[in-house]
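Commentary on secondary and tertiary structure
Each chain is listed here by its residues.
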Amino acid sequence: MITARSLVKHYGDFPALDGVTFDLDDARILGVIGHNGAGKTTLLKIMAGLISPTAGSLVVDGIDVVRRPLDLKKNLGYLPEESRLYETMTTDAYLAFFGEIYGLSRATIQERGDELLDSLALDAEKKKIGELSKGMKRKVAIARSLMHDPGLLIYDEPTSGLDPMTSRSVLDYVKDLRDQGKTVIFSAHNLFQVEEACDLVLILRRGKVVAKGTMPELRETFGSLTYQVFFRVPDPATFATSVDYAASDGRYLAEARSVEELNRTTAALAADGATIERIESHYPTLEEMLLKIGR
Ligand SMILES: Nc1ncnc2c1ncn2[C@@H]1O[C@H](COP(=O)(O)OP(=O)(O)OP(=O)(O)O)[C@@H](O)[C@H]1O
């Protein structure tokens, strides 16, 4: 269980984080989003005990991270936004090195390294890290974060710069970790991924939490369901209706914001000679929410 209360971080006079409060249960994925400079990395570094907050409290599984950040280390896997790997080492030597730092036995290192490379579909144990592709390097960094089998994973933009296939496999892997009982906090600019994977979303703007909740809760906050009515018209040159609609490339679309408006819209279109093709419901996406919030 994570309890963050009124976390503040000043760099000089500048408030990079300004009163961040949230709770997160175990075995959940928290997505942290916001525009560039919103404070995501700052929050993640505080969560990982790498920098101290200027004020506020953070307790992770009973550990007071502000006072005793080192106590978190055993149970934490951290993936920085850009990880510097040792380019001349082979992947297996690299993972073994980190396993040794965590005091794992040789047998455990071997077993865990093989298991991680296998589950991340990374066929690279004998390759030098400098020879790996960007996506493979990111996966090695993820494997490194998991060598000591921590319960809490803090990943700063785990899929940044990866192609769609590799992003997908990393995201599926993150969901598997959650299903194994691990807690994951990650930041991302790809909002579709956050929408899909996260149990809870925190939206930051200039260091403040402007919204937090599950996706259904955020949708409630940022506007409800709209209905899109796609229709055909018999003769575009003579078609006339009182309904507001948009037309492009022979496609006609009207929007309604409630079931009552939907009923009025479809009835009016049908009376004016249009044929209703289909009706789709549309929830605001995280992207639309961020646009609404502004910078
Ligand atoms: N070490 C530092 N010294 C001074 N200012 C900093 C420092 N680190 C971050 N900042 C400032 O704090 C603010 C938040 O930065 P942070 O890196 O947390 O944002 P972010 O949301 O992760 O951004 P991005 O999406 O671009 O990675 C920015 O205005 C940044 O310039």
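Residues numbered from 1 in each chain as written. Predicted model: local features only at pLDDT ≥ 70, side-chain atom pairs only at ≥ 80, totals over all residues.

1. Re the sheet that holds strand E12 (residues 246-248)
In space, the four strands of this open sheet follow the order E12-E13-E11-E14, with antiparallel pairing throughout. Taken across any chain shown, the strands that pair with only one partner, and hence form the sheet edges, are E12 and strand E14 (275-282). Across the sheet, the axes of successive neighbouring strands diverge by a mean angle of 25°, strand direction being ignored. Two elements, strand E11 (residues 226-232) and E14, share seven bridges in a ladder whose sense is antiparallel. The residue bridging Thr226 from the neighbouring strand is His282, located in E14. (Pairing = 2+ DSSP bridges. Helix = DSSP H or I, 4+ residues; strand = E, 2+ residues; numbered from the N terminus. Axes fitted to C-alpha atoms, helices over the stretch in contact; angles between N-to-C directions.)

2. Notes on the packing of helix H2 (residues 91-101) against helix H4 (residues 134-146)
Running from N to C, H2 and H4 point in directions that differ by 30°, and their axes come no closer than 9 Å. Classified by the angle their axes make, H2 and H4 are roughly parallel. The chirality of how H2 crosses H4 is right-handed. Contact residues: Thr91, Tyr94, Leu95 and Phe98 in H2; Val140, Ala143 and Arg144 in H4. Partitioning the contact of H2 with H4 into residue classes produces five nonpolar, one polar and one charged. (Parallel < 35°, antiparallel > 145°, perpendicular 65-115°, else oblique. Left-handed = near helix turned anticlockwise from the far one by under 90°. Contact = placed C-beta atoms within 7 Å. Nonpolar A, V, L, I, M, F, W, Y, C, P; charged D, E, K, R; others polar.)

3. Some details on the domain arrangement of the protein chain
When cut into domains, the protein chain gives domain 1 (2-221) and domain 2 (226-293). The C-alpha centroid of domain 2 is placed 42 Å from the C-alpha centroid of domain 1. Residue-level contacts link nine residues of domain 1 with eight residues of domain 2. Broken down by element, the residue count for the side of domain 1 that touches domain 2 peaks at three residues, all from helix H6 (residues 191-197). Taken together, the residues that form the side of domain 1 that touches domain 2 break down as six nonpolar, no polar and three charged. (Domains from an automatic or database assignment.)

4. A closer look at the site of the ligand
The environment of the ligand is formed by Tyr11, Phe14, Ala16, Gly34, Asn36, Gly37, Ala38, Gly39, Lys40, Thr41 and Thr42. Residue assignment for the shell around the ligand shows that the elements contributing at least two residues are strand E2 (14-24) and helix H1 (40-47). If you tally residues by element for the shell around the ligand, the top one is H1, at three residues. The residue inventory of the shell around the ligand, partitioned by class, reads four nonpolar, six polar and one charged. (Near = placed C-beta within 6 Å.)

5. Some points on unusual backbone geometry
The phi dihedral of Asp61 is positive, around 45°, even though this residue is not glycine. Its identity as a non-glycine residue notwithstanding, Glu157 has a phi of 45°, on the positive side. Take Glu157: it is sitting in the loop between strand E7 (152-156) and helix H5 (164-179).

6. As for the sheet that holds strand E3 (residues 29-33)
Taken in spatial order, the six strands of this open sheet run E6-E7-E8-E3-E9-E10, and their pairing is mixed. Of all strands in the sheet, those bounded by a partner on one side alone are strand E6 (76-79) and strand E10 (208-213). Recorded for the sheet is a direction-independent mean angle of 15° between the axes of neighbouring strands. Where E3 and strand E8 (residues 183-187) come together, four bridges link them in parallel fashion. Across the sheet, residue Ile29 finds its bridge partner in E8, namely Val184. The strands that H4 touches are E6 and E7; relative to E6, the one it contacts most, it runs at about 160°.

7. Here's the deal with H4
Relative to the 18 Å expected for 13 residues at 1.5 Å per residue, H4 spans 19 Å between its end C-alpha atoms, a close match to the ideal helical length. Of all the 13 residues making up H4, 11 are buried; the element is thus mostly covered by neighbouring parts of the structure. For H4, every residue scored as buried is listed here: Met136, Lys137, Arg138, Lys139, Val140, Ala141, Ile142, Ala143, Arg144, Ser145 and Leu146. If you follow the buried residues of H4, they end up packed against E6, H2, helix H3 (106-119), E7 and H5. (Expected span 1.5 Å × (residues − 1). Buried ≥ 20, exposed ≤ 12 C-beta atoms within 10 Å, placed from the backbone.)

8. Focus on the pairing of E7
A regular strand places its side chains on the two faces of the sheet in alternate fashion. E7 sits mainly inside the fold: five of its five residues count as buried. A two-sided burial pattern is seen for E7, the buried positions comprising Leu152, Ile154 and Asp156 on one face and Leu153 and Tyr155 on the other. Sheet topology places E6 next to E7; four bridges connect them, and they run parallel. Paired with Gly77 across the two strands is Leu153, which belongs to E7. Looking at chain direction, E7 and E8 are connected through five bridges and run parallel. Bridge pairing links Tyr155 to Phe186 in E8.

9. Here we look at the confidence of the model for the protein chain
For the protein chain, per-residue confidence averages 92 on the pLDDT scale, and residues scoring 70 or more make up 100% of the total. The ipTM assigned to the predicted complex is 0.97, against a pTM of 0.85. (pLDDT = per-residue confidence, 0-100.)

10. What to know about H1
Given 3.6 residues per turn, any residue in an α-helix points the same way as the ones three and four places further on. In terms of burial, H1 is a largely internal element, seven of the eight residues being buried. Of the residues making up H1, those classed as buried are Lys40, Thr42, Leu43, Leu44, Lys45, Ile46 and Met47. Of the residues one or two after H1, Gly49 is the one with positive phi, at around 70°.

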